[in-house]
Amino acid sequence: MKAIRRFTVRTVLPDVLAPLEQLATNLRWSWHLPTRRLFEDLSPQLWESSKHDPIGLLGEIEPARLHELAADQDFVARVAELGRDLHTYLTEPRWYQQTVTEAAPSAIGYFSPEFGIAAALPQYSGGLGILAGDHLKSASDLGVPIIGVGLFYRSGYFAQSISPDGWQQESYPVLDPDGLPLSVLRHPDGSAAQVALALPGDRALYARIWQVAVGRIRLLLLDTDIPENEDALRSVTDRLYGGGGEHRLLQELLLGIGGVRAIKLLTELTDADAPELYHTNEGHAGFLGLERISDLIGDGLSFDEALQVVRAGTVFTTHTPVPAGIDRFDSSLVRQYFSTDLLPGVSVDDVLQLGAENFEGGTDDTFNMAVMGLRLGQRANGVSQLHGEVSRGMFGALWPGFDADDVPITSVTNGVHAPTWTDPALVALARDRLGTSDTTTADWASEAVSDADLWSVRNSMRQQLVTDARARVSAAWGEQNPGIRDPAWFSQLLDPNVLTIGFARRVPTYKRLTLMLHDPERLRSLLLSPEHPVQIVIAGKSHPADDEGKRLIQKLVEFSQEPEIRKRMVFLPNYDIAMAQLLYPGTDVWLNNPLRPLEACGTSGMKAALNGSLNLSILDGWWAEFYDEENGWAIPSADSAGDSAERDKLEANSMYDLIEHQIAPRFYDRGDDGVPTRWVESIRHTLSTLSFELSADRMVREYVQRLYVPSAAAHRTISAERFAPARALAAWKSRVTAAWPQVSVTHVESGGVDAVPQVGDELHVRAHVNLAGLTPADVSVEVVYGRARENDRLENPHSVELVPSPSVGDHLAQFAGTVTLSRAGSFGYNVRVVPRHPLLASSAELGLIAVAS
Ligand SMILES: *Cc1c(COP(=O)(O)O)cnc(C)c1O
């Protein structure tokens, strides 16, 4: 049977309600409570049935109801007031306008394969997309001028249901763009703007450009499902992470190259500023750099010169230490796609070099998007301190000769958008007692909020989750057993007074969905403890192609279906933003048990903490940075365990022990008023110390100050005088790279220290360096020193630059300087030579180093 064709007819609003149009289409409603309330009051029933989607609601509402409201002066005044509030929000100077001055980039292109903004726009699969959505929302709140770029997937990710025997079923509901908060970017004559990409065989891929208003941020989503495309190409943007190899490559070519072209159209057709820099959220969008190189080649630069300009203006964020999370393509496939008119002026061999794994043990056969990201971005970061460290180790081969600490990948710890993720009940408490709706800066330590207040809000959030879980289980039953009444025990599913543990995530192996089942008897006794019962709410999607992940879900579902267990443990199908917004606040303890250090950050625990849930987690990702013994519990990692089974066993047992001996007793230790004072102390501590730190506002400010502003400044400098500095830098790099194999430290002399060195002594160092034709100004010669450790390692090394002294011969130069011995204990040092240029962001940038032997 052929699918029916459908579209949504938009309602005509009475004039006095006209502001509802913009209030519904600008996604700021998704995090602005008063606007949400307004839509709810329009029709509480449609608000529920539309799953909190203003456009869906306006599409269904009866004209009679609208006319009734149009006659209600209070309601009309509310609509007008919220319309004005939105206008102010969109136009007033905010943090960025107030604090970021001259060097402020006028616009930033932010590219991501997925964006999780609201349940009503399902264009995300998990953490990466939700982070991107939160990034846009905080950028909007802070006034940071970002243009977002992504793809519009006709079927989003997938909707999950669970068969009676526990097997994940996927369905792909087709989205109707007319029913979503999207508008087409158009030319003045009304025709839709389009980007086109040349493909092999004289074919072309076309895409139209949807615009989404996310507060002050414009998000562009490219869509290939248009008649201009041949049939096979219409489905390029059918699903998120749907296909393999070629399908994925086409999506990424469109995202990167098409995305930059879409921004160009946007700046031609609207008053939008052109970006001064680009931020690529994970490697998938990396081809954006190639499109910009192609443009610069069109302006008369060589590939190498253009590369310098693009690097200066690119920030690359890597998101995973798990190899399967990194896109890799056959080089031959990439070659095929770039041996066309796709990128005028760019040779296919230059493209292939950028993604080649031609370092330690790698080959040219594989094209690696993360490696390309690092080569195209002068600034790069991981997403927690630990992940930064892991990334420096993982990608260190790109900077051979440097210690991991020197690898130029920094970290900006993720954050989550507090207005999206904080439960309205907690916001109301802050407003009523602390005089602010901003929960991230509210003074939670204040006595104005009593323990009983906090506990009562926590109880209400738990109750809300229990109600929601019952409704979801009942709805799923109804779908699978039409016409058959719910089993009676559904009304006792979960208990609003029992210690509630939440666990929800995608299901890759490293997240260890089933670790809690390691010892089923132990888990059973925790759940069924007469004195200190525990209940667990679980959710998560497995990638459709991952049968192993589906088996893990099945194991959990089977266990949770046992008659004595089923009231205390439930798997909720179809984890998404809407569920998550009730799940995090409703759980007392948020559990995370990844294999350290494979969780780059993990943001769900942050969202839980913003609601006063306490974390129980392996010390991985953000938790390794923020656990302080009072805000939750750390499951010790059994890193030194013999094998993975042993490790699972040790870590699972630690987790059971913590729940049994520490968590449950504290939760159930109540005063006469029923309040668990000690527990509430931890909640209060969590809210007062973590709320701002874990917020996306903190994260976006860090990106602006540490990466965007320096990147924009570097891009301006290198582009000045019609790119003269870029040309000079490219020439310098090629000269230095050619000479480098001959550069060496031939001899090191030292003096000034007695046979028994003492603190305060000065060590004079003189190094003889063969510069191989380079000048002393081309290099930095440094003494690197610190506490000497085994294996020739220096702990916490410092460096002092040596100054050139008059030359002694043709190629030989001398450099000298002094190190003060400031600490007792073992001391070690060495001399190294690295390239030096004012336009380098790090002396490791070229991956060139010469060390005294
Ligand atoms: C926050 C969130 C995630 C990511 O959580 P992790 O802890 O990073 O696994 C995934 N899905 C949804 C719906 C979320 O809200």
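Residues numbered from 1 in each chain as written. Predicted model: local features only at pLDDT ≥ 70, side-chain atom pairs only at ≥ 80, totals over all residues. Heavy atoms only, no water.

**Section: the domain arrangement of the protein**
Many authors give the size of an interface as the accessible area that is lost as the parts come together.
Argument step 1. Per the domain assignment, the segments making up the protein are domain 1 (15-91), domain 2 (103-324 + 372-411), domain 3 (446-691) and domain 4 (743-851).
Argument step 2. The C-alpha-based centres of domain 3 and domain 4 are spaced at 53 Å. (Domains from an automatic or database assignment.)

**Quick notes on the sheet that holds strand β30 (residues 850-851)**
Argument step 1. Spatially, the four strands line up as an open sheet ordered β26-β25-β29-β30, and their pairing is antiparallel. The open sheet has two edge strands with one neighbour each: β26 (793-801) and β30.
Argument step 2. As judged from the eight bridges shared by strand β25 (residues 779-789) and strand β29 (residues 828-835), these two strands associate in the antiparallel manner. Bridging across to β29, valine 781 finds its partner in valine 833. (Pairing = 2+ DSSP bridges. Helix = DSSP H or I, 4+ residues; strand = E, 2+ residues; numbered from the N terminus.)

**Looking at the packing of aromatic side chains**
Argument step 1. Tallied over the full model, the rule gives 23 aromatic pairs.
Argument step 2. An aromatic cluster is present here, built from Trp455, Trp633, Phe667, Tyr668 and Trp679 joined pairwise through their rings.
Argument step 3. Against the face of tyrosine 172 rests arginine 239, its NZ or CZ located 3.4 Å from the ring centre.
Argument step 4. Sitting over the ring of phenylalanine 503, arginine 505 keeps its end group 4.6 Å from the ring centre. (Phe/Tyr/Trp six-rings, centres within 6.5 Å; stacked < 30°, edge-to-face > 60°. Lys NZ or Arg CZ within 6 Å of the ring centre and 35° of its normal.)

**Side note on the nonpolar core**
Argument step 1. Residues Phe287, Ile293 and Phe338 are the most contacted members of the largest nonpolar core, which totals 99 residues.
Argument step 2. Sorting elements by how many residues they give to this core places helix α10 (residues 245-269) first, with eleven residues.
Argument step 3. Both domains that furnish three or more residues to this core are identified here as domain 2 (103-324 + 372-411) and domain 4 (743-851).
Argument step 4. In contact with isoleucine 293, not counting residues within four places along its chain, are Phe303, Ala306, Leu307, Val310, Val346 and Leu376.
Argument step 5. Grouped together as the second largest cluster of nonpolar side chains are 66 residues, Leu27, Ile108, Leu707 and Tyr708 included. (Core = buried A, V, L, I, M, F, W, Y, C linked by side-chain atoms within 4.5 Å. Buried < 20%, exposed > 50% of the residue type's maximum accessible area, 1.4 Å probe, protein only. Contact = heavy atoms within 4.5 Å.)

**Examining helix α25 (residues 644-667)**
Argument step 1. Between its first and last C-alpha, α25 extends 32 Å over 24 residues, near the 34 Å set by a 1.5 Å rise per residue.
Argument step 2. Maximum bend of α25: about 40°, positioned at isoleucine 659.
Argument step 3. If you check which residues of α25 are buried, you get Arg647, Glu651, Ala652, Ser654, Met655, Tyr656, Leu658, Ile659, Ile663, Ala664, Arg666 and Phe667.
Argument step 4. For α25, the N-terminal capping position is held by aspartate 643, with its side-chain oxygen 3.2 Å away from the main-chain nitrogen of alanine 645. (Expected span 1.5 Å × (residues − 1). Bend = angle between axes of the 7 residues up to and from the residue. Polar contact = N/O pair within 3.5 Å; in protein donor to acceptor, adjacent residues only side chain to side chain.)

**Some words on the packing of helix α14 (residues 348-355) against helix α15 (residues 369-376)**
Axes are the key here: two packed helices are described by the angle between their axes and the distance separating the axes.
Argument step 1. At a minimum axis distance of 6 Å, the contact between α14 and α15 shows a crossing angle of 100°. As the angle between them shows, α14 and α15 are arranged roughly perpendicular. Residues Gln353, Leu354 and Gly355 of α14 lie in contact with α15, whose contacting residues are Val371, Met372, Arg375 and Leu376.
Argument step 2. By residue class, the composition of the contact of α14 with α15 is four nonpolar, two polar and one charged. (Axes fitted to C-alpha atoms, helices over the stretch in contact; angles between N-to-C directions. Parallel < 35°, antiparallel > 145°, perpendicular 65-115°, else oblique. Nonpolar A, V, L, I, M, F, W, Y, C, P; charged D, E, K, R; others polar.)

**Considerations on the site of the ligand**
Argument step 1. The ligand sits among 15 residues. The nearest are Lys511, Tyr584, Thr603, Ser604 and Lys607.
Argument step 2. Between the ligand and tyrosine 584 there is a distance of 3.0 Å, counted from an oxygen atom to a side-chain nitrogen or oxygen.
Argument step 3. Measuring from an oxygen atom of the ligand, one finds a backbone N or O atom of threonine 603 at 3.1 Å.
Argument step 4. In isolation the ligand has 390 Å² of accessible area, and contact with the protein removes 95% of it.
Argument step 5. If you list the elements that add at least two residues to the shell around the ligand, you get α8 (127-142), α22 (577-586) and α23 (604-610).
Argument step 6. It is α22 that contributes the most residues to the shell around the ligand, three residues altogether.
Argument step 7. Among the residues making up the shell around the ligand, the classes are represented as six nonpolar, five polar and four charged.
Argument step 8. Looking at the shell around the ligand, you find at least three residues from each of domain 2 (103-324 + 372-411) and domain 3 (446-691). (Near = heavy atom within 4 Å. Areas by Shrake-Rupley, 256 points an atom, 1.4 Å probe, with all protein chains shown as cover.)

**Comments concerning the sheet that holds strand β22 (residues 632-635)**
Argument step 1. Spatially, the six strands line up as an open sheet ordered β19-β18-β17-β20-β21-β22, and their pairing is parallel. The open sheet has two edge strands with one neighbour each: β19 (569-572) and β22. Geometrically, the sheet is characterised by an average inter-axis angle of 20° between neighbouring strands, direction not taken into account.
Argument step 2. Bridging between strand β21 (residues 614-618) and β22 involves four bridges; their strand directions are parallel. Bridge pairing in β22 places isoleucine 618 opposite isoleucine 635.

**Thoughts on the pattern of salt bridges**
Argument step 1. In total, this model carries 49 salt bridges according to the counting rule given.
Argument step 2. With a closest N to O distance of 3.1 Å, glutamate 651 and arginine 647 form a salt bridge. In this pair, glutamate 651 and arginine 647 both sit in helix α25, four residues apart, roughly one turn of the helix. Note on accessibility: glutamate 651 and arginine 647 belong to one class, buried.
Argument step 3. In this structure, arginine 735 engages aspartate 778 in a salt bridge whose closest nitrogen and oxygen atoms are separated by 3.1 Å. In this pair, arginine 735 sits in helix α27 (residues 696-739) while aspartate 778 sits in the loop between β24 (762-770) and β25, placing the two residues 43 residues apart along the sequence.
Argument step 4. With relative accessibility at 38%, the residue arginine 735 sits in the partly exposed group.
Argument step 5. Among the charged side chains, a network of salt bridges with common partners joins Arg154, Arg208, Asp223, Asp225 and Arg234. (Salt bridge = Lys/Arg side-chain N within 4 Å of Asp/Glu carboxyl O.)

**Structural notes on the environment of serine 339**
Argument step 1. Considering the arrangement of structural elements, one finds serine 339 in the loop between α13 (331-338) and α14.
Argument step 2. Taking relative accessible area as the criterion, serine 339 reaches 48% and is therefore assigned partly exposed.
Argument step 3. Separated by 2.6 Å, the side chain of serine 339 and the backbone oxygen of arginine 335 make a polar contact.

**Side note on unusual backbone geometry**
Argument step 1. The peptide bond linking arginine 596 to proline 597 adopts the cis configuration, its omega dihedral lying at 0°.
Argument step 2. Backbone geometry at glutamate 282 places phi at a positive 75°, although glycine is not the residue there.
Argument step 3. Relative to the assigned elements, glutamate 282 resides in the loop between β11 (277-281) and α11 (288-298).
Argument step 4. In this structure, glutamate 721 takes a positive phi of about 45° despite not being glycine.
Argument step 5. For glutamate 721, the position within the fold is in helix α27.

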